[in-house]
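Given next are the chains, with one letter for each unit.
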Amino acid sequence: MLDALARAHAMYDEAHRADVIERFDDALAGFRALLGILDEADLEAERHAGAALRVRALLGIARARYESSGDLAGAMESVADAERWAVAEGLDPELFAVQGQRGLLLLRSGDVAAALEALDAIIAGPDAPPSRDLAVTLLNRGSLHLDYGDPRKAGPDLNACIDVAVQLGDRDLEAMARHNLGLLSFVQGDLPAALRGMTESARLGDTPEPVALLDRARVLAEAGLVTDAVTALEQATDLLAGGSVLVRAEVALSLASCLMDLSRYDQAVAAAREAAAAFDRAGNRLWALRAQVVELEALLGADRWVRTRSPRATLRRRAAHAAELADLDERGGVVGRMVVTYPALLAAAEWAAIAGDLDDARTYLARVPSDLSTAPLSLRLARPAVVARIAFASGHRSAGVRAVQHGQRMLAAHRGLGSVEAVAAGGVHAMRLNLVDLQAALASGDPAAMFDALERGRATSAGPARVVPPEDPTLAALLEQARSEHQAALALGSTTEPDVLRAKRQHLVQARRLQAEARERSWQVEGERRPVEPTTTRGLRAVLRDLRAQGGSPVVASYVAMAGTVMAVRVAAEGQSLHRLAPLGVVTELARRARADLTVVANPLIPPPLRSAATGSLERALTRLDELLVAPLEVDGDLHIAARGRLLTLPWSSLPSRLRHRTWVGDRVDVRPGLVAAGAARPGGVVVLAGPGTDGGAGEAAAVADVWPGARVLFGEDASTAAAVGALRDAAVVHLAAHGGHAHDNALFSSLRLADGPLFAHELDGVDLTGATVVLSACELGLSTSDVGGEALGFASVLLRHGARAVIAAVAPLRDDVAVRVMPRLHGALRDGLPPGAALAAATAAEIEPVPLVCFGPLAL
């Protein structure tokens, strides 16, 4: 008898463990096998113990059955069976568990009011004796408040759950409660704290991995790190075979939202339909409706673009369907309004506006309150975007602009993750606002309106994430360890020996793992972002008129690609004009060809015939880019360029019409005054560093230092990463001659190789470079990778975000002999007072072949 009971307990523990880690098929089989054992065994002498196990097995079957198949009726039948056994045997503790399981099933099926009533009925208050059932009920009620009710009530329940779990020594329950406290931080808008809480819970115990990945993805998506969120969701999907049908549906729904941000609308529609079907099978009407709304939002995403817009009849039909969905939520309460009613009404309003039915659009919009302060960020930003679209379509341009600015201010106040990468990534949330703004400006034909719309959008995710470097020993240690692994790989040299190659690969794999950990750690460190004020046409022209009065005024060209066409707004002291220049595909192909040819020309080992062919091809590509992008703007003198994406890193200074002329490039038009004076006031003077392994680095560094009286030169072991960071923090002019590389897949790990290993762009986050001029004599460190929102990230871009007056860097491989000739001339011109862009033009004027150096920087007044 005792053996049978012990065996039954062991079977329960095994099935319960499968339930906890959400292997529901295994749990269901285990609990059913346990019932079979209990039916066969003679447990009369241990009747209460056997009955208690039977109740627990039936409750386990209820949960596993619902989560694995969505069979709510069957699950509730098992709960009722468990209740009958508990009542018949007088098992009061088991009745507590029965009611708790009933409340959980009601919660999972979306019946929020009934779930709360059930859970409230069994929590006796702060004096209830500690038990696992009490902790689980507190956890579930906290989750209910978190997801469906008042998040302020979630904290006390979750903390009470932690107290009980600690008393019981149940680390898994404590971990789940702490994970949900991380979710509470997410709901309250504190994304760094959310990730810290989730990371802490993962170290403490077992939170089911698919759930942890899903919730982590929600935080990353809110921060704008959409591709990282998609990766987490795909990992969760792979782990969910045999797991919860509802969690799979939640993953599919979150994936649909992310795919919309990536403009993968057809895939988003499919994922939303999959989620809706699963929620519907599980009897969760609220979330089935939510998934249907997300499907409509994905369809609307495609309809916002003229080139993929549906016929007007389809737009009207979709608007009507969205309005019908808004009226279907019957019991969702506040949450139902936030996830179904209001999003559906906004979709209906926007479709009506696009179709030209402005009265209908206003009617739908009027049903959505203007105060959505407790709503998710996406909903808070959606309303001003719809208000703007209706205002622009009604001819009320100033009202439309005010609505856009209102949304952009909300986004600026949003507390994102604490890294420069996350600030850039936050631009994804502005895409909808920016699109409405730009489409209206383009339709107006007003170049000033177009320029202002571009700058409003660019300012939303500009600037640094923090004003001082993060004081985080863990982050610093991870970066140092990654550097050491790179050094260890480098020390193995070039070889074909299999064992050495294997060891080298292991070092590099470990370095990438450490870099990934450092990247994630940086998100959790608090930032201090300061909103950036956008430049206006009126303000810029006033500045340009002042410069003209002082003897010289540049032309400013703001480039953008829209609807497959590259356009530019030309702004000068005397006025502004809008130019439609060339098909984007043509420009992209020419840029690709030019970069490939620059790579060939920079390779000294290429045979002369191939080199000559590449040079001719390069000259033709640069000439054609010049004809398409610059010649129509009729610029005779200085040119300041603002651009994003691939346009940002074109070899602008090498275009034929720009030779010998000052040309400098930024990702927005920044007219901050005082950068020149700030650079002169920096206490560190001129610092020159030469990294290891370059053929002419030491000679180049010495020649550059000879140009500047009193310059400090660092060679060999003195040219360390710490010395470079110190120079960037203090010096007015910094020259870094070293091997470098742009990391396309992880731009903030673009690096310069110095004496003790690579200096990562990541390590410059928070370093104040206000007014500094930085010369990167290294290959490709002028390149950048654009994130989903179009923001540029790379070594040079990080320096500029932190205040550098100018960064001169290569957008293609830079040959050592060219650097040795050009760099001393460049610094001589800087010493003589030429602005950086003019100094670069003077330094490269005598070169026969194009030099892929570009001056990046603000207007720098």
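Residues numbered from 1 in each chain as written. Predicted model: local features only at pLDDT ≥ 70, side-chain atom pairs only at ≥ 80, totals over all residues. Heavy atoms only, no water.

In this section: the overall build of the chain. What the chain contains, in helices and strands, is 34 helices and 16 strands. For 861 residues, the compact-globule formula gives about 29 Å, and the C-alpha radius of gyration of the chain, at 31 Å, lands near that figure. Taken along the three principal axes of its C-alpha coordinates, the chain extends 100 × 70 × 50 Å. Across the 861 residues of the chain, 58% fall into the buried class. Of all intrachain contacts in the chain linking residues separated by at least 6 positions in sequence, the fraction that spans at least 24 positions is 72%. Between the averaged position of the 89 positive side-chain charges in the chain and that of its 105 negative side-chain charges there is a distance of 8 Å. (Helix = DSSP H or I, 4+ residues; strand = E, 2+ residues; numbered from the N terminus. Rg over C-alpha atoms; globule rule 2.2 N^0.38 Å. Buried < 20%, exposed > 50% of the residue type's maximum accessible area, 1.4 Å probe, protein only. Contact = heavy atoms within 4.5 Å. Lys, Arg positive; Asp, Glu negative; His and termini not counted. Charge placed at Lys NZ, Arg CZ, Asp CG, Glu CD.)

With the rule as written, the count across this model stands at 51 salt bridges. The salt bridge partner of aspartate 670 is arginine 668, with a shortest N-O separation of 3.3 Å. Comparing aspartate 670 with arginine 668 shows no difference in burial state: the two are buried. A salt bridge links arginine 729 to aspartate 730, with the nearest nitrogen and oxygen atoms 4.0 Å apart. Look at arginine 729 and you get partly exposed, because its relative accessible area is 45%. (Salt bridge = Lys/Arg side-chain N within 4 Å of Asp/Glu carboxyl O.)

This paragraph deals with the sheet that holds strand 11 (residues 757–760). Spatially, three strands are ordered 9-10-11 in an open sheet, and the strand pairing comes out antiparallel. On the outer flanks of this sheet lie strand 9 (740–741) and strand 11, each paired with one strand and no other. In terms of strand pairing, strand 9 meets strand 10 (residues 751–754) through two bridges, oriented antiparallel. From the neighbouring strand, glycine 740 faces strand 10, where its bridge partner is leucine 752. Packing of helix 24 (residues 473–491) onto the sheet brings it into contact with strand 10 and strand 11, and relative to strand 11 it is tilted by some 140 degrees. Set on the sheet, helix 31 (residues 721–730) makes contact with strand 10 and strand 11; between it and strand 11 the angle comes to about 30 degrees. (Pairing = 2+ DSSP bridges. Axes fitted to C-alpha atoms, helices over the stretch in contact; angles between N-to-C directions.)

The next point concerns the nonpolar core. As a rule of thumb, soluble globular proteins bury nonpolar side chains together. Counting residues in each nonpolar core, the largest one holds 151 residues, and the members touching the most others are Phe279, Trp351 and Leu417. The residues contacting tryptophan 351, other than those within four sequence positions of it, are Leu296, Leu299, Leu300, Asp303, Leu315, Arg318, Ala319 and Ala322. Listed in part, the 49 residues of the second largest apolar core include Leu442, Val543, Val688 and Ala701. (Core = buried A, V, L, I, M, F, W, Y, C linked by side-chain atoms within 4.5 Å.)

Running from amino to carboxyl end, helix 19 (residues 377–393) crosses helix 20 (residues 397–413) at an angle of 170 degrees, the nearest separation of the two axes being 7 Å. The angle between the axes of helix 19 and helix 20 places the two elements in the roughly antiparallel class. Seen along the crossing, helix 19 lies across helix 20 with a hand that is left-handed. Every residue of helix 20 that contacts helix 19 at Leu377, Arg380, Leu381, Pro384, Val387, Ala388, Ala391 and Phe392 is listed here: Arg397, Ala399, Gly400, Val401, Ala403, Val404, His406, Gly407, Met410 and Leu411. Counted by class, the contact of helix 19 with helix 20 contains 13 nonpolar, three polar and two charged residues. (Parallel < 35°, antiparallel > 145°, perpendicular 65-115°, else oblique. Left-handed = near helix turned anticlockwise from the far one by under 90°. Nonpolar A, V, L, I, M, F, W, Y, C, P; charged D, E, K, R; others polar.)

Let's shift gears to helix 23 (residues 447–459). Between its first and last C-alpha atoms helix 23 spans 18 Å; for 13 residues at 1.5 Å apiece the expected length is 18 Å, and the two agree. Counting buried positions along helix 23 gives 13 out of 13 residues, so the element sits mostly inside the fold. Where helix 23 begins, the side chain of aspartate 446 points an oxygen toward the backbone nitrogen of alanine 448, at a separation of 3.0 Å. (Expected span 1.5 Å × (residues − 1). Polar contact = N/O pair within 3.5 Å; in protein donor to acceptor, adjacent residues only side chain to side chain.)

The next subject is the packing of aromatic side chains. Using the criterion set out here, one finds four aromatic pairs in the structure. Aromatic side chains phenylalanine 279 and tryptophan 287 sit 6.3 Å apart centroid to centroid with 40 degrees between the ring planes, which places their arrangement in the tilted category. Exposure remark for phenylalanine 279: the relative accessible area of 2% places this residue in the buried category. With a centroid separation of 5.0 Å and an interplanar angle of 40 degrees, the aromatic rings of tyrosine 559 and tryptophan 652 are classed as tilted. Placement of the pair is tyrosine 559 in strand 1 (residues 555–562) and tryptophan 652 in the loop between strand 4 (639–642) and strand 5 (663–666), with a sequence separation of 93 residues. Take tyrosine 559: its relative accessible area is 1%, and that puts it in the buried class. The positively charged end of arginine 662 is found above the aromatic ring belonging to tryptophan 664, 3.7 Å away from the centroid. (Phe/Tyr/Trp six-rings, centres within 6.5 Å; stacked < 30°, edge-to-face > 60°. Lys NZ or Arg CZ within 6 Å of the ring centre and 35° of its normal.)

So, on to the side chain of threonine 773. You can see threonine 773 is positioned in strand 12 (residues 773–777). Taking relative accessible area as the criterion, threonine 773 reaches 5% and is therefore assigned buried. Non-local contacts of threonine 773, meaning those with residues more than four positions away in its chain, are made with Ala732, Val733, Val734, Arg805, Ala806, Leu830 and Pro836.

Here we take up the environment of leucine 296. Note that leucine 296 resides in helix 15 (residues 285–303). Residue classification places leucine 296 among the buried positions, given a relative accessible area of 5%. For the pair leucine 296 and valine 269, spaced 27 residues apart in sequence, the C-alpha separation works out to 7.7 Å. Those residues in contact with leucine 296 that sit more than four places away from it in its chain are His321, Ala322, Leu325 and Trp351.

Take arginine 548: it is sitting in helix 26 (residues 537–549). Through-space distance from the C-alpha of arginine 548 to that of valine 854 is 25 Å; in sequence the pair is 306 residues apart. Apart from the residues lying within four places of it in its own chain, the contact partners of arginine 548 are Ser553, Ala573 and Glu574.

This paragraph deals with the pairing of strand 5. Here strand 5 shows a buried face lined by Thr663 and Val665 and a second buried face lined by Trp664 and Gly666. By the bridge criterion, four bridges tie strand 4 to strand 5 in an arrangement that is parallel. Looking at the pairing, leucine 639 lines up with threonine 663 of strand 5.

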